[in-house]
Amino acid sequence: MQRIPTGMIDHLNPPTGMMADNVVGFARALRAAGLPVGPGAVIDALQALRLIDVGSRSDVYATLQSIFVKRHEHVLIFAQAFELFFRAAEEWQQMLESIPLPDHAKKKPPPASRRVQEALAQASQAIDKAEEEQELRLSVSDHEVLQKKDFAQMSAAEIAEVTRAIASMRLPQAELRTRRHAPDRHGRRLDLRRTLRASLRAGGEIVDIRKLGPLDKPSPIVALLDISGSMSEYTRLFLHFLHAITDDRKRVSTFLFGTRLTNVTRALRARDPDDALQSCTAAVEDWAGGTRISASLHAFNKLWSRRVLGQGAIVLLISDGLERDADGQLAFEIDRLHRSCRRLIWLNPLLRYAGFEAKAQGIKMMLPHVDEFRPVHNLTSMHALVEALSAPPPQHRRTLIRSAA
């Protein structure tokens with residue numbers, strides 16, 4: 001696709017021709033990179049460009065960003081895509097080099113920028129819908145590689161495939177024996193009420209003994225997900241996983257924390273995963289910021305533990321453990337959380353490294369108070385987690401599971 005400098009489309013009014021082609025191509029690139037950009041957004045962008053000075057790069061950037069970006073985690077991807085797609089001629093660059101871009105657009109691209117470059121490469125070709133779907137289908141060997149590939153190193157197509165795999169996950173019912181009873185023809189306890197009612201229907205002549213058996217319910221799951229900057233490469237896929245298990249069972253509570261704690265349980269109950277993640281993004285104010293694990297756990301223990309940790313709840317703590325203010329308060333709060341739940345499982349992406357050692361002060365304080373310490377950085381580790389949630393708890397109080405990848 002032929003691209004033109006933004007400064008040269010100043011007189012293209014109405015928004016047709018090369019300007020429209022560039023905006024449509026840019027929207028296709030963003031969609032391939034994972035942003036939900038539809039035809040309505042493209043029409044809005046073309047109309048908005050008629051109302052601004054398209055010779056100003058910063059105005060074009062701000063206009064397109066306001067229309068195409070709806071979530072916090074998409075800001076950086078949009079900035080990288082804009083820089084690559086609208087790379088102008090040398091004279092236009094010299095003319096506008098004094099115009100500052102936002103700080104996040106000038107930073108060194110993180111590993112996720114690979115998705116943007118691949119998306120732009122796809123956008124430069126006229127690929128029809130059938131070819132795109134065929135490109136996303138992975139062979140058997142590719143699927144095996146994808147199972148062990150780190151989420152942070154995946155391309156846009158691979159992340160789309162992983163998202164579909166996560167959405168199809170079904171969490172087995174980890175049954176928890178309760179004190180209640182339910183009708184059971186093989187039970188050992190007499191159900192006197194149902195027995196008498198059945199006898200009255202037959203005029204009292206026939207007595208059909210009804211019995212009760214123990215009632216098993218799935219264990220509640222409480223997820224505490226770290227959304228700080230160091231976890232940004234994994235946050236979105238973890239939210240997809242939490243949405244999948246929330247949709248599969250009703251007794252799931254999800255909390256996000258960075259510098260503060262946010263309850264997003266109701267948001268993740270939306271049937272559509274994109275709507276659920278958008279609601280989570282809108283509810284969180286400290287996305288990709290710092291990490292205050294101690295303060296977040298204190299808020300959870302004080303405000304939510306008695307509400308959601310009853311009936312043998314299993315707690316999933318998803319964090320790298322890089323606490324900003326590691327002190328004795330952190331050890332106290334994690335110990336209090338451990339005593340309040342049936343099982344505390346710490347999921348740490350840093351365990352993907354074979355030579356991982358608990359050297360950080362925050363990790364040292366938290367590790368003695370968890371039942372299981374597991375990696376969660378690829379599909380293999382997620383499948384292992386699903387199996388572990390339905391299995392009985394380990395005999396030892398703390399179990400370290402290394403990455404098999």
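Computed from a prediction, not measured in an experiment: that's the story for all the values here.

## Remarks on the overall build of the protein
Moving on, step 1. Across its full length, the protein holds 19 helices and 10 strands.
Moving on, step 2. For the protein, the proportion of its 405 residues judged to be buried stands at 46%.
Moving on, step 3. Long-range pairs, those at least 24 residues apart, make up 77% of the contacts in the protein with a sequence separation of at least 6.
Moving on, step 4. Of the roughly 21300 Å² of accessible surface on the protein, 50% is carried by carbon and sulfur atoms.

## Comments concerning the environment of Ser219
Moving on, step 1. When you line up the elements, Ser219 lands in the loop between β3 (211–218) and β4 (221–226).
Moving on, step 2. On the accessibility criterion, Ser219 (1% relative accessible area) is buried.
Moving on, step 3. Along the sequence, Ser219 and Gly310 sit 91 residues apart, while their C-alpha atoms lie 9.6 Å from each other.

## Some thoughts on the packing of helix α2 (residues 39–49) against helix α3 (residues 57–68)
Moving on, step 1. Direction vectors running N to C along α2 and α3 enclose 155°, while the axes themselves pass 9 Å from each other. Viewed along their axes, α2 and α3 adopt a mutual orientation that is roughly antiparallel. The two elements α2 and α3 cross, and the hand of that crossing is right-handed. Taking contact as the criterion, the partners of Ala41, Val42, Asp44, Ala45, Ala48 and Leu49 in α2 are, on α3, Val60, Thr63, Leu64, Ile67 and Phe68.

## Observations regarding the packing of helix α15 (residues 293–303) against helix α17 (residues 328–340)
Moving on, step 1. Relative orientation of the contacting elements α15 and α17 amounts to 35°, with a least axis distance of 9 Å. For the pair α15 and α17, the crossing hand works out as left-handed. On the side of α15, the interface is formed by Ile293, Ser294, Leu297, His298, Phe300, Asn301 and Lys302, while α17 contributes Gln329, Leu330, Glu333, Ile334, Arg336 and Leu337.
Moving on, step 2. Partitioning the contact of α15 with α17 into residue classes produces six nonpolar, four polar and three charged.

## Overview of the pattern of salt bridges
Moving on, step 1. Enumeration over the complete set of coordinates arrives at nine salt bridges.
Moving on, step 2. Here Arg236 makes a salt bridge to Asp274, at a shortest N to O gap of 3.8 Å. Of this pair, Arg236 sits in helix α12 (residues 232–248) while Asp274 sits in helix α14 (residues 273–283), and the two are 38 residues apart along the sequence.
Moving on, step 3. Overall, the relative accessible area of 23% leaves Arg236 in the partly exposed class.
Moving on, step 4. We classify Asp274 as partly exposed; its relative accessible area is 33%.
Moving on, step 5. Glu285 is the partner of Arg260 in a salt bridge, and the nearest nitrogen-oxygen pair spans 2.9 Å. Highlighted residues: Arg260 in the loop between β5 (252–257) and β6 (261–263) and Glu285 in the loop between α14 and α15, separated in sequence by 25 residues.
Moving on, step 6. Assessed through its relative accessible area of 44%, Arg260 is described here as partly exposed.
Moving on, step 7. Accessibility expressed as a relative area gives 66% for Glu285, which makes it exposed.
Moving on, step 8. Each member of the salt-bridge network shares a partner with another, and the members are Arg343, Glu372 and Arg374.

## What about the packing of aromatic side chains?
Moving on, step 1. Under the definition given, this model contains 10 aromatic pairs.
Moving on, step 2. Taken together, Phe26, Tyr61, Phe68, Phe78 and Phe82 form an aromatic cluster joined through their ring pairs.
Moving on, step 3. Positioned above the aromatic ring of Trp304, the side-chain terminus of Arg307 is 4.7 Å from the ring centre.

## A word on the environment of Ser253
Moving on, step 1. Of note, Ser253 is situated in strand β5.
Moving on, step 2. Taking the C-alpha atoms as reference points, Ser253 and Asn263, separated by 10 residues in sequence, lie 8.0 Å from one another.
Moving on, step 3. Setting aside residues up to four positions removed in sequence, Ser253 forms contacts with Ile221, Val222, Ala223, Thr265 and Val308.

## With respect to the nonpolar core
The nonpolar side chains of soluble globular proteins are, as a tendency, buried together.
Moving on, step 1. One finds Ile166, Phe238, Phe241, Leu256 and Leu316 to be the most contacted residues of the largest nonpolar core, which totals 41 residues.
Moving on, step 2. Considering every element that reaches this core, the biggest residue donor is α12, with eight residues.
Moving on, step 3. When near neighbours in sequence (up to four residues on either side) are disregarded, Phe241 contacts Ile166, Met169, Met382, Leu385 and Val386.
Moving on, step 4. Grouped together as the second largest cluster of nonpolar side chains are 28 residues, Val37, Ala41, Leu49 and Phe78 included.

## Looking at α2
Moving on, step 1. Inspection of α2 places Ala41, Val42, Ala45, Leu46, Ala48 and Leu49 among the buried residues, and these make up the whole buried set. The buried side chains of α2 occupy one side of the element, clustering within an arc of 165° when seen end-on.

## Quick look at the confidence of the model for the protein
Moving on, step 1. With 73% of its residues at a pLDDT of at least 70, the protein reaches an overall mean of 76.
Moving on, step 2. Within the protein, α15 carries the highest mean pLDDT (94), whereas helix α5 (residues 90–96) carries the lowest (44).
Moving on, step 3. Between residues 1–16, whose pLDDT stays under 50, and residues either more than four places distant or in other chains, the model counts 38 contacts.
Moving on, step 4. Below pLDDT 50 for its whole length, residues 88–96 participates in 10 contacts with residues either more than four positions away or in separate chains.

What counts and how
- Residues numbered from 1 in each chain as written.
- Predicted model: local features only at pLDDT ≥ 70, side-chain atom pairs only at ≥ 80, totals over all residues.
- Heavy atoms only, no water.
- Helix = DSSP H or I, 4+ residues; strand = E, 2+ residues; numbered from the N terminus.
- Buried < 20%, exposed > 50% of the residue type's maximum accessible area, 1.4 Å probe, protein only.
- Contact = heavy atoms within 4.5 Å.
- Areas by Shrake-Rupley, 256 points an atom, 1.4 Å probe, with all protein chains shown as cover.
- Axes fitted to C-alpha atoms, helices over the stretch in contact; angles between N-to-C directions.
- Parallel < 35°, antiparallel > 145°, perpendicular 65-115°, else oblique.
- Left-handed = near helix turned anticlockwise from the far one by under 90°.
- Nonpolar A, V, L, I, M, F, W, Y, C, P; charged D, E, K, R; others polar.
- Salt bridge = Lys/Arg side-chain N within 4 Å of Asp/Glu carboxyl O.
- Phe/Tyr/Trp six-rings, centres within 6.5 Å; stacked < 30°, edge-to-face > 60°.
- Lys NZ or Arg CZ within 6 Å of the ring centre and 35° of its normal.
- Core = buried A, V, L, I, M, F, W, Y, C linked by side-chain atoms within 4.5 Å.
- Arc of directions from axis to C-beta.
- pLDDT = per-residue confidence, 0-100.

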